[in-house]
Amino acid sequence: MLKIAHIGHPILRERAREVGASELADPAMQTFIDDLYETMRDANGAGIAAPQVHRSIRVCIVEVQANPRYPYMPNIPLTIMINPVITLLGKGTFQNYEGCLSVPNLRGLVARSARIELSYLDRTGMDQKQTLVGLSAGVFQHECDHLDGKLFVDRVTDTTSLTTWADFERFHMASFVARMNALVDREGS
Ligand code: ZN
C-alpha cells in the first residue's frame, strides 16, 4: 500500500509530467499502477491520481462499484488512464459535491462540466476515448485536476457548502441526490 499525500504537501501542487511509451511498458511502472489501484481500493476512493501517492506523473485511476463513501454514485468500470486529456463538450455545468483522499474529512460544492470527452492511453499504451456525463464526468475532472496540481477546494466558490463527511450525510446528501437525479433526467447517464 502506498502512502497518501495530504493537502499542504507540495507534490499535490506540481504539474505532473507525461509518461513515455517505454516507461509505460517497464514492469516497474506496471507494478506502480497495480499498487496505485490497491491503494485506492483500500481507501474506498472513487479515484486516485499518482501525485496523491507522491509520484508526479500523469497516471490516474477511476472506479466506482457500490462505493460506501459515495452510495449515490453510478457504477463506473475500472479506468486506468495514462496522459489523459479532457475536452469539455458544451457549456452545461452542474454543482458536484466532492471529497478527496488528500483532503481528509471535507467535502464541498464544485462547478463541473456536465459533459466531457476523455482521451488517454490505457496501461498497454492503446489510445482510448470516451464521453462522460454528470457525476461520472465530475469524477474524471477531479482526478485529472490532480495532474495539474489542482485540488477541489481551489474550485469551491461557496465556502458555506464545506462540510465534514458525517454532516454531508446528515444535512446535504438528500438534496444533492435529488439535484443529481434531475441532472440525469436532463443530460442522460
Ligand atoms: Zn482527489
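Each remark here, short or long, concerns the structure printed above.
(A) Quick look at the overall build of the chain. Within the chain, the secondary structure is distributed over four helices and seven strands. The order of α-helices and β-strands along the chain, N terminus first, is α-α-β-β-β-β-β-β-β-α-α. The 189 residues of the chain split such that 48% are buried. Averaged over its 19 positive side-chain charges, the chain has a centre that lies 5 Å from the centre of its 22 negative ones.

(B) Representation of the pattern of salt bridges in the model. Enumeration over the complete set of coordinates arrives at 11 salt bridges. Note that Glu-98 is salt-bridged to Arg-112, the shortest N-O span being 2.6 Å. Remark: Arg-112 occurs in strand 5 (residues 103–113) and Glu-98 occurs in strand 4 (residues 93–100); sequence separation between them is 14 residues. Here Glu-98 matches Arg-112 in class, with each residue buried.

(C) Highlighting the sheet that holds strand 6 (residues 115–121). Within the open sheet, the five strands sit side by side as 1-2-3-6-7. Their pairing is antiparallel. Of all strands in the sheet, those with a lone pairing partner are strand 1 (47–49) and strand 7 (127–133), marking the two edges. Between one strand axis and the next, the sheet turns by 40° as a mean value, whatever way the strands run. Sitting on the sheet, helix 2 (residues 27–42) touches strand 1, strand 2 (59–64) and strand 3 (76–88), and the angle it makes with strand 2 is about 40°. Sitting on the sheet, helix 3 (residues 134–147) touches strand 1, strand 2, strand 3, strand 6 and strand 7, and the angle it makes with strand 3 is about 70°.

(D) Spatial organisation of the coordination of the zinc ion. The protein atoms donating to the zinc ion are Cys-100 (SG), His-142 (NE2) and His-146 (NE2), with metal-donor distances spanning 2.0 to 2.3 Å. Taken in chain order, the donor set of the zinc ion reads C-x41-H-x3-H. Here the residue Cys-100 occupies a position in strand 4, and His-142 occupies one in helix 3, the gap between them amounting to 42 residues. The exposure class of His-142 is buried, given its relative accessible area of 6%.

(E) Representation of unusual backbone geometry in the model. Although it is not a glycine, His-54 adopts a positive phi angle of roughly 70°. Of note, His-54 is situated in the loop between strand 1 and strand 2. Even without a glycine there, the phi angle at Asn-83 is positive, about 50°. Topologically, Asn-83 is positioned in strand 3.

Rules behind the numbers
Residues numbered from 1 in each chain as written. Predicted model: local features only at pLDDT ≥ 70, side-chain atom pairs only at ≥ 80, totals over all residues. Heavy atoms only, no water. Helix = DSSP H or I, 4+ residues; strand = E, 2+ residues; numbered from the N terminus. Buried < 20%, exposed > 50% of the residue type's maximum accessible area, 1.4 Å probe, protein only. Lys, Arg positive; Asp, Glu negative; His and termini not counted. Charge placed at Lys NZ, Arg CZ, Asp CG, Glu CD. Salt bridge = Lys/Arg side-chain N within 4 Å of Asp/Glu carboxyl O. Pairing = 2+ DSSP bridges. Axes fitted to C-alpha atoms, helices over the stretch in contact; angles between N-to-C directions. Contact = heavy atoms within 4.5 Å. Donors = N, O, S within 2.8 Å, 3.2 Å for Na, K, Ca; no water.

As far as function goes, none of this settles anything; it's purely spatial.
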